[in-house]
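Here is what each chain is made of, one letter per residue.
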Amino acid sequence: MPTPGVSYVNVQDCLKQVQSGGLFSLVNLFSGGALLHLSVFALGIMPYITSSIIIQLLTVVIPRFEALKNEGQSGTARLTQYTRYLTVGLAILQSTGLIAVARAPGRLFSGCNLPIIPDASWQRIATMIFVMTAGTSVIMWLGELITDRGIGNGMSILIFTSIAAGFPGQLWGIKLQKGFFTFSVVLAIGVLIVAAVVFVENAQRRIPVQYAKRMVGRQMYGGTSTYIPIKVNQAGVIPVIFASSMLYIPSLVVNLSSSKSAWSVWVTKNFVRGDHPIYMVTYFLLIIFFTYFYVAITFNPEEVANNMKQYGGFIPGIRAGRPTAEYLQYVLSRITAPGSTYLALVAIIPMIALVLFQASQNFPFGGTAILIIVGVGLDTAKQIESQLQQRSYEGFLR
């Protein structure tokens, strides 16, 4: 459903002429292809994802947010409300930027000079911004509704659905363009990639923890053994999103400025097409950097060590307190190295496919798409399994 004021015929003609969205391919992926159609849900769930990441990062920086996080359910509800407000603000900014780019022919679709927005009056622009922001709010409401009444995270399921919906078309496009042999090779590679991603996503380092026995009144507590699970991919898909966003900034500046200087030509030559070696190496290194950065923010070894010491827990062979925190930091830095390399390798698979098969950058088995699909699929399967076990146990007890 196109946004009021958008020429649907011209958009379809430009989509036929231009194979890749280039600058907006990441947002187009999360919106299920709705961005380049300039539909009501053009922004998709991306403003909510961005606001969630911002609030999560601010929790480490702002003491007030950290106190709300430690308050439990009431504090989490307040942070969720802040996330909603920030989502609406980001939706207004992103819709304004998207419309500003789409107004000028040839900017949203390079090489297509058809007018996407024929009527550029301020009343029409304001209506389009309002409609796109309302569409993002509806998607956010649907995601929270799925979380409350369904299984798993509603936002993740919406992203999973929007990405998975494009898989059959992309695979069939490879079959029509490259033939049955290339199609079979891509399917075989896809099965291997999915198996490898499932293996790494479930891989974890289990650090054993023992709790000493202690008397509380007349009750004896402790004396149990457990473990701290540290996943190989502790950061999830967030570093890939960060790295993609950083790489889009130079292209965005050149696209909006319409500069013809030497630096803009160099950026256009090296940072627009994903098959360029400089682009691939920079993307690879940025993912590794942001993986370490995000893990360092989200996992605090000192906090974990203090909590263990407070409840009488210790790692066998490691003294409680600061030595435990140093040991956890050592393990975390060592296990993040293969995790970051794995993320970077999976992310550049579409670029390798672009070079080997001359496929589009929306190669189905690789990058952000496969990480999200496998991750959300595994989490949803675990949620369903826990629900089935819970119902089975209730029936058994009754």
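Residues numbered from 1 in each chain as written. Predicted model: local features only at pLDDT ≥ 70, side-chain atom pairs only at ≥ 80, totals over all residues. Heavy atoms only, no water.

So, the sheet that holds strand β1 (residues 204-211)
In a beta sheet, neighbouring strands pair by backbone hydrogen bonds and run either parallel or antiparallel. The criterion, for reference: At least two DSSP bridges between two strands are needed for those strands to be called paired. Working definition: helices are DSSP H or I runs of at least four residues, strands are E runs of at least two. Numbering for both runs from the N terminus. Here, residues are in contact when the closest pair of their heavy atoms is within 4.5 Å. All axes here are fitted lines through C-alpha atoms, helices being fitted over the stretch that makes contact, and every angle between N-to-C directions spans 0 to 180 degrees.
One open sheet accounts for three strands, arranged β4-β1-β5; its pairing is antiparallel. The two strands at the open ends of the sheet, each matched to only one other strand, are β4 (225-231) and β5 (313-314). In the packing of helix α14 (residues 322-347) onto the sheet, the strands contacted are β1 and β4, and the crossing angle to β1 comes to about 165°.

Section: the side chain of Thr 324
The following threshold applies: Here the term buried applies to any residue with accessible area under 20% of the maximum for its type, exposed to any over 50%, and partly exposed to those in between, with areas from a 1.4 Å probe on protein chains only.
Examined against the element boundaries, Thr 324 turns out to sit in helix α14. Residue classification places Thr 324 among the buried positions, given a relative accessible area of 1%. Beyond its immediate sequence surroundings of up to four residues, Thr 324 is in contact with Ala 305, Met 308, Ile 315, Ile 318 and Arg 319.

A look at the nonpolar core
We apply this condition: Nonpolar cores were defined as sets of buried Ala, Val, Leu, Ile, Met, Phe, Trp, Tyr and Cys residues, with membership established by side-chain atoms within 4.5 Å.
Residues Ile 230, Val 240, Tyr 283, Ile 287 and Leu 371 are the most contacted members of the largest nonpolar core, which totals 63 residues. Among the elements that take part in this core, α14 stands out by supplying nine residues, more than any other. Excluding residues that lie within four positions of it along the chain, Ile 287 makes contacts with Pro 239, Val 240, Ala 243, Ser 340, Leu 343, Ala 344 and Ala 347.

Focus: the packing of aromatic side chains
Stated formally: Any pair of Phe, Tyr and Trp rings, taking the six-membered ring for Trp, is counted once the centres come within 6.5 Å. Such a pair is stacked with planes under 30 degrees apart, edge-to-face with planes over 60 apart, and tilted for the rest.
One pass over the full model with this rule turns up seven aromatic pairs. Between the aromatic rings of Phe 242 and Phe 290, the centroid separation amounts to 5.5 Å while the plane-to-plane angle is 70°, which identifies the pairing as edge-to-face. Taken as a pair, Phe 242 in helix α10 (residues 238-257) and Phe 290 in helix α12 (residues 277-298) lie far apart in primary sequence, 48 residues in all. Exposure remark for Phe 290: the relative accessible area of 10% places this residue in the buried category. Considering the side-chain rings of Phe 290 and Phe 293, the 6.4 Å spacing of their centres and the 80° angle between planes classify their relative orientation as edge-to-face. Of this pair, Phe 290 and Phe 293 both sit in helix α12, three residues apart, which is roughly one turn of the helix. Through a chain of ring-to-ring contacts, three or more aromatic side chains come together here, namely Phe 242, Phe 289, Phe 290, Phe 293 and Tyr 294.

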